[in-house]
Amino acid sequence: MHDSLTPIDTSFDQWTRLSDAFKQHLSRMKEGDDEARAEAIRLARELDALTRLLTRELNAGLNRP
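Being a predicted model, the structure only gives us computed values, none of them experimental.

Chemist: I would appreciate a short explanation of the pattern of salt bridges in the present structure.
Modeler: Once the charged atoms of two side chains with opposite charge are near each other, the side chains can pair. In this structure the tally under the stated criterion is four salt bridges. Note that arginine 42 is salt-bridged to glutamate 39, the shortest N-O span being 2.7 Å. Taken together, the positions of arginine 42 and glutamate 39, both in helix α2 (residues 36-62) and three residues apart, correspond to about one turn of that helix. Connected through salt bridges with shared partners, the residues Glu39, Arg42 and Glu46 form a single ionic network.

The following block contains the structure:
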């Protein structure tokens, strides 16, 4: 039997890893690390894209009969 939540669970794990990395870079920025800004911006964009994907997958699952 196919578990329809598996792709979402995998994506959610990735979302969690990205969120943790983003938090670390924000902390580094607060401490004055200028190089952390570019990576924080990249991570924010990746998080945004993944959040949109997860939202679409969840909405599609809710609209199935």
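Chemist: Would you take a moment to explain the environment of aspartate 20 for this structure?
Modeler: Among the secondary structure elements, aspartate 20 is positioned in helix α1 (residues 6-30). Note on aspartate 20: relative accessible area 46%, which makes it partly exposed. Spatially, the C-alpha atoms of aspartate 20 and leucine 43 are 9.9 Å apart, while their sequence positions differ by 23 residues.

Chemist: What's the story with the environment of serine 19 in this structure? I'm lost.
Modeler: Inspection of the secondary structure assignment puts serine 19 in helix α1. When the C-alpha positions of serine 19 and leucine 43 are compared, they lie 8.0 Å apart, and in sequence the two are 24 residues distant.

Chemist: Explain the packing of aromatic side chains to me, please; I cannot follow it from the model alone.
Modeler: The geometry of an aromatic ring pair is captured by two quantities: the separation of the ring centres and the angle between the planes. For the structure shown, the criterion picks out one aromatic pair. An angle of 15 degrees between the planes, with centres 5.7 Å apart, marks the rings of phenylalanine 12 and tryptophan 15 as stacked. Note that phenylalanine 12 and tryptophan 15 are positioned in helix α1 at a spacing of three residues, about one turn of the helix. For phenylalanine 12, a relative accessible area of 44% puts it in the partly exposed group.

Cut-off values and rules
Residues numbered from 1 in each chain as written. Predicted model: local features only at pLDDT ≥ 70, side-chain atom pairs only at ≥ 80, totals over all residues. Heavy atoms only, no water. Salt bridge = Lys/Arg side-chain N within 4 Å of Asp/Glu carboxyl O. Helix = DSSP H or I, 4+ residues; strand = E, 2+ residues; numbered from the N terminus. Buried < 20%, exposed > 50% of the residue type's maximum accessible area, 1.4 Å probe, protein only. Phe/Tyr/Trp six-rings, centres within 6.5 Å; stacked < 30°, edge-to-face > 60°.

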